[in-house]
Each structure stands twice: as structure tokens, then as C-alpha cells.
Amino acid sequence: GYVAGQSIQFEFRSADGNPDLLPALADELVRLKVDIIVASQTPAAAAKKATPRIPIVMATAGDPVGTGLVASLARPGGNVTGLSGTTAELGKKTIELIREMLPAARRAGVLANTADPFTKSFVREIEAGGRSLGFAIETIMLRGEAEYAAAFATLGRERADAAILQPSLPRKPAIDLALKPRLPLISPTALFPREGGLMSYSAKQSDLYRRSAFYIDRILKGANPADLPVEQPTKYELVFNLKTARALGIEIPPLLLASADEVIE
């Protein structure tokens with residue numbers, strides 16, 4: 001029932017893949033005296049540092065309890081609430097999907113974001129999944145696109161069979177670099193294959209963003225974010241980009257392809 005420009009106004013800000021810009025953007029929104037800040041991914045949800053007063057809606061963030069954004073899922077306790085993406089919890093499933101797609105694979109790289117508070121949980125779950133499935137995991141910490149060339153060179157020397165990109169790192173430059181050595185690169189966000197990446201398995205993000213409107217509405221009508229439980233996703237989606245698979249020389253097994261929720265031709 002809200003009408004943009006009349007009963008509600010949106011102020012969009014983006015760090016364009018550079019997490020170092022996020023604190024200044026959060027400060028700017030605080031100076032504008034917005035009523036609510038909606039934050040996508042954990043680094044943006046760290047806008048909590050900029051304001052203890054303005055409500056912040058996560059749409060979404062990884063491991064909000066482990067990163068200290070909320071006290072608990074049931075009772076967040078502060079000015080932050082919203083949705084958890086459960087991305088860390090999918091670490092083992094991600095390795096399983098790599099093995100289904102590439103049966104001979106035994107080594108996987110992880111490109112992890114140094115500046116993301118969620119990184120510790122993200123890497124921990126992937127490494128645990130790797131151990132349980134007999135995969136060697138090579139984790140490379142980096143701050144952004146400027147360090148990609150060195151990171152991919154390391155993965156080449158380590159003979160990684162595939163690599164996982166943390167969602168809070170820039171996607172398109174990584175996709176382009178992975179094509180040159182024909183390295184299967186995946187990331188747990190559906191935006192990744194839609195932008196030319198190979199595969200993703202994640203919570204259905206369109207549902208999560210729509211659900212964030214529920215929190216915005218409740219807070220605008222007077223609800224306290226401290227009392228609004230953090231929700232977890234109920235739907236997940238597997239997405240493949242077949243054009244990228246062909247460019248990498250990969251034939252995705254028919255049974256795995258049949259289980260996909262979306263196949264990009």
C-alpha cells in the first residue's frame with residue numbers, strides 16, 4: 001500500500017563491491033535521518049556501528065548471532081533485525097554439489113573477504129564440510145578485486161579443481177578471471193550465475209528481499225526491532241549457467257541438472 005515518492009521515500013547507496021566505502025555510506029544515511037536502514041549482506045549490516053538508534057533491517061546477513069549483530073534470533077535485542085541467509089550452514093552442501101558436478105574433484109579453493117565479519121563462519125563451515133567429504137580446502141583471504149589476479153594464480157599453483165567465491169566480494173571480475181584457466185567458480189548467491197558465473201546454491205533471495213518489506217512495514221507502524229524475531233529462509237534454489245559450463249568444458253550430470261530450480265541457457 002506504500003507509494004514511492006508519496007507515502008515512502010527510498011535513498012539507495014552502494015559500495016559497488018568496495019567494503020571500505022560502507023562506513024561512510026552508513027554515516028551519510030544517519031545524517032539524512034532516515035527512519036530505517038535496509039542492509040544487504042553482513043558488511044552492510046555493520047551499519048550498526050554508525051547508529052544505535054535507527055532501526056536496521058538485514059536483507060539478508062550471514063550468521064547474525066555469531067557476528068554480533070543480534071543477541072539471538074528469537075530476541076534480537078538491539079536496533080537490528082531482519083533475515084538470516086543461512087549461507088554458512090550451506091558449506092557442506094556446497095562441497096557436495098561440487099563433487100556431484102565434478103566427480104574427480106578433490107581440491108577446492110575459497111576466496112574469502114577479509115573485511116567481512118561473516119567470513120569466519122563462512123570459511124569454518126566450508127572447511128568442516130571439506131574434511132567430512134575428503135576435500136582439501138585452500139582458503140585465500142583478500143580485500144577485493146585488486147587482489148584477484150594473485151589469488152587465482154595461487155589457486156592455479158595449488159591445482160584447485162574448483163573454487164568458491166564469498167558473496168560479499170565483487171562477482172563479475174572473478175567470473176571473468178575464472179574463465180581464462182577454466183576454473184569452475186561458484187558462489188552462494190543466485191546473482192552469480194545470472195551474471196555469468198557457473199553455479200549457485202542459496203536461499204531464494206527474491207523471497208528474502210520481499211520478506212524484508214514486512215519488517216519495514218512493522219517498524220514504520222511502531223514495532224521495536226529488538227522484539228521482532230530474525231527469520232531464516234524456508235526455500236533454497238540451485239541455479240546453473242549452461243553457457244558458462246560449456247565455456248569451461250564442463251558437462252553437468254543430467255540428474256544434477258534436472259534438480260536445478262533455474263537453468264540459464
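Our structure's up above, just so we're on the same page.
Residues numbered from 1 in each chain as written. Predicted model: local features only at pLDDT ≥ 70, side-chain atom pairs only at ≥ 80, totals over all residues. Heavy atoms only, no water.

### Here we look at the nonpolar core
- Ile98 and Met101 are the most contacted members of the largest nonpolar core, which has 32 residues in total.
- Of all elements in the fold, only helix H3 (91–101), strand S4 (107–113), helix H4 (119–133), strand S6 (162–165), strand S8 (199–203), strand S9 (236–241) and helix H9 (242–248) reach the threshold of two or more residues within this core. (Core = buried A, V, L, I, M, F, W, Y, C linked by side-chain atoms within 4.5 Å. Buried < 20%, exposed > 50% of the residue type's maximum accessible area, 1.4 Å probe, protein only. Helix = DSSP H or I, 4+ residues; strand = E, 2+ residues; numbered from the N terminus.)

### Thoughts on the packing of H3 against H4
- Their axes nearest at 7 Å, the elements H3 and H4 cross at an angle of 50°. By the criterion of interaxial angle, the relationship of H3 to H4 is oblique. The chirality of how H3 crosses H4 is right-handed. Along its contact with H3, which presents Gly91, Lys92, Ile95, Glu96 and Arg99, the element H4 presents Glu125, Ile126, Gly129, Gly130, Ser132 and Leu133.
- Residues of the contact of H3 with H4, tallied by class, amount to 3 nonpolar, 4 polar and 4 charged. (Axes fitted to C-alpha atoms, helices over the stretch in contact; angles between N-to-C directions. Parallel < 35°, antiparallel > 145°, perpendicular 65-115°, else oblique. Left-handed = near helix turned anticlockwise from the far one by under 90°. Contact = heavy atoms within 4.5 Å. Nonpolar A, V, L, I, M, F, W, Y, C, P; charged D, E, K, R; others polar.)

### Observations regarding the pairing of S9
- Among the 6 residues in S9, 5 count as buried, and that is most of the element.
- Sheet topology places S8 next to S9; 5 bridges connect them, and they run antiparallel. Bridge pairing in S9 links Tyr201 to Leu238.
- Summarising the sheet, S9 and strand S10 (residues 262–264) pair through 3 bridges and their orientation is parallel. Considered in S10, the bridge of Phe240 is made with Val263. (Pairing = 2+ DSSP bridges.)

### Description of the pairing of strand S3 (residues 80–84)
- In terms of residue burial, S3 counts as a mostly covered element, since 5 of its 5 residues are buried.
- Strand direction decides the pairing type here: strand S2 (residues 56–61) and S3, joined by 5 bridges, are parallel. Paired with Ala61 across the bridge in S3 is Ser84.

### A word on the pattern of salt bridges
- Considering all chains together, one arrives at 13 salt bridges under this definition.
- In this structure, Glu237 engages Arg194 in a salt bridge whose closest nitrogen and oxygen atoms are separated by 3.7 Å. Here Arg194 lies in helix H7 (residues 191–194) and Glu237 lies in strand S9, a separation of 43 residues in the sequence.
- In the salt-bridge network here, residues are joined through shared partners; they are Glu11, Arg13 and Glu28. (Salt bridge = Lys/Arg side-chain N within 4 Å of Asp/Glu carboxyl O.)

### Observations regarding unusual backbone geometry
- The omega torsion across Ala59 and Thr60 is 0°, close enough to zero to call that bond cis.
- On the secondary structure map, Thr60 appears in strand S2.
- Despite not being glycine, Asp63 shows a phi value in the positive range, around 45°.
- The topology assignment puts Asp63 in the loop between S2 and S3.

### A closer look at the packing of aromatic side chains
- Scanning all chains against the criterion turns up 5 aromatic pairs.
- On the basis of an interplanar angle of 80° and a centroid distance of 5.3 Å, the ring pair of Phe214 and Tyr215 is categorised as edge-to-face.
- Judged by relative accessible area, Tyr215 falls into the buried class, the value being 1%.
- For the cation-ring pair, Lys93 lies above Tyr201, with the distance from its terminal atom to the ring centre recorded as 5.7 Å.
- The ring of Phe214 has Arg211 lying over it, and the distance from NZ or CZ to the ring centre is 3.9 Å. (Phe/Tyr/Trp six-rings, centres within 6.5 Å; stacked < 30°, edge-to-face > 60°. Lys NZ or Arg CZ within 6 Å of the ring centre and 35° of its normal.)

### With respect to H3
- Of all the residues in H3, the buried ones are Gly91, Thr94, Ile95, Leu97, Ile98 and Met101. Each buried residue of H3 sits inside an arc of 155° when the element is viewed along its axis, so together they form one side. (Arc of directions from axis to C-beta.)

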